[in-house]
Amino acid sequence: MEEQSAYRSASASDGRTLYALIIGIIGLLIPAVLIGFLAHYNARNTGHPAVLWRASEITAVAGLFTSIVGTLVGAFLGVQVGAAGKDFVEKTASQAIQNAEELKREVQKLREELASNKPS
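Each value, and the rule that gives it
- Residues numbered from 1 in each chain as written.
- Predicted model: local features only at pLDDT ≥ 70, side-chain atom pairs only at ≥ 80, totals over all residues.
- Heavy atoms only, no water.
- Helix = DSSP H or I, 4+ residues; strand = E, 2+ residues; numbered from the N terminus.
- Contact = heavy atoms within 4.5 Å.
- Areas by Shrake-Rupley, 256 points an atom, 1.4 Å probe, with all protein chains shown as cover.
- Salt bridge = Lys/Arg side-chain N within 4 Å of Asp/Glu carboxyl O.
- Buried < 20%, exposed > 50% of the residue type's maximum accessible area, 1.4 Å probe, protein only.
- Expected span 1.5 Å × (residues − 1).
- pLDDT = per-residue confidence, 0-100.
- Patch = residues over 30% accessible without salt bridge, like charges linked within 9 Å, V, L, I, M, F, W, Y side chains within 5 Å.

## Remarks on the overall build of the chain
- For the chain, the helix and strand inventory stands at three helices and zero strands.
- Put simply, the chain runs from its N terminus to its C terminus through helices and strands in the order α-α-α.
- If you take every contact in the chain between residues at least 6 apart in sequence, the share linking residues at least 24 apart comes to 66%.
- Of the roughly 9,400 Å² of accessible surface on the chain, a fraction of 66% belongs to carbon and sulfur atoms.

## Thoughts on the pattern of salt bridges
- In total, this model carries one salt bridge according to the counting rule given.
- The residue Lys86 makes a salt bridge to Glu90 at a minimum N-O spacing of 3.8 Å. Residue Lys86 and its partner Glu90 are both found in helix α3 (residues 55-117); the two are separated by four residues, about one turn of the helix.
- Take Lys86: its relative accessible area is 51%, and that puts it in the exposed class.

## With respect to α3
- An ideal rise of 1.5 Å per residue puts 93 Å on 63 residues; α3 measures up with 90 Å between its terminal C-alpha atoms.
- Where α3 is concerned, the buried positions are Ile58, Ala62, Val69, Val73, Gln80, Ala83, Ala84 and Phe88.

## Quick notes on the environment of Gly70
- The topology assignment puts Gly70 in helix α3.
- Here Gly70 falls in the partly exposed class, since its relative accessible area comes to 31%.
- Separated by 39 residues in sequence, Gly70 and Pro31 place their C-alpha atoms 9.9 Å apart.
- Here Gly70 is in contact with Leu28 and Phe65, once residues within four sequence places are set aside.

## Here's the deal with the confidence of the model for the chain
- Per-residue pLDDT for the chain has a mean of 77; in total, 78% of the residues score no lower than 70.
- Mean pLDDT in the chain bottoms out at helix α1 (residues 2-14), which sits at 52, and peaks at α3, which reaches 86.

## Some details on a nonpolar patch on the surface
- Taken together, the side chains of Leu18, Tyr19, Ile22, Ile26 and Ile30 present a nonpolar region at the surface, about 520 Å² in accessible area.
- Note on placement: Ile26 falls in helix α2 (residues 16-44).
- Ile26 sits in the partly exposed class, given a relative accessible area of 48%.

So this is what it looks like as structure tokens:
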């Protein structure tokens, strides 16, 4: 339970993941807006065959934008999640080292007490 709260506080205080998610959503909305614009423009200008976009052309443009933006957003979010995981592991490791040093000091104190109370 304590590990989960430490992980939540590390990611909440970091804030990078939230910004990465916002950028990802905006990046994925760009192709959606482009597809909507092309479809709407195509529907309004059906009387002019020179400006008509065929479904295959809209699909090709949408696929191009979606694949590039999806790759970039996925890589960006992956880096952010990896960085958050690294921070969590480093914090956990430093806490484990502190706990080990405290236990070592306690054991040394107990050994000294036992050595001083031993009859000669």
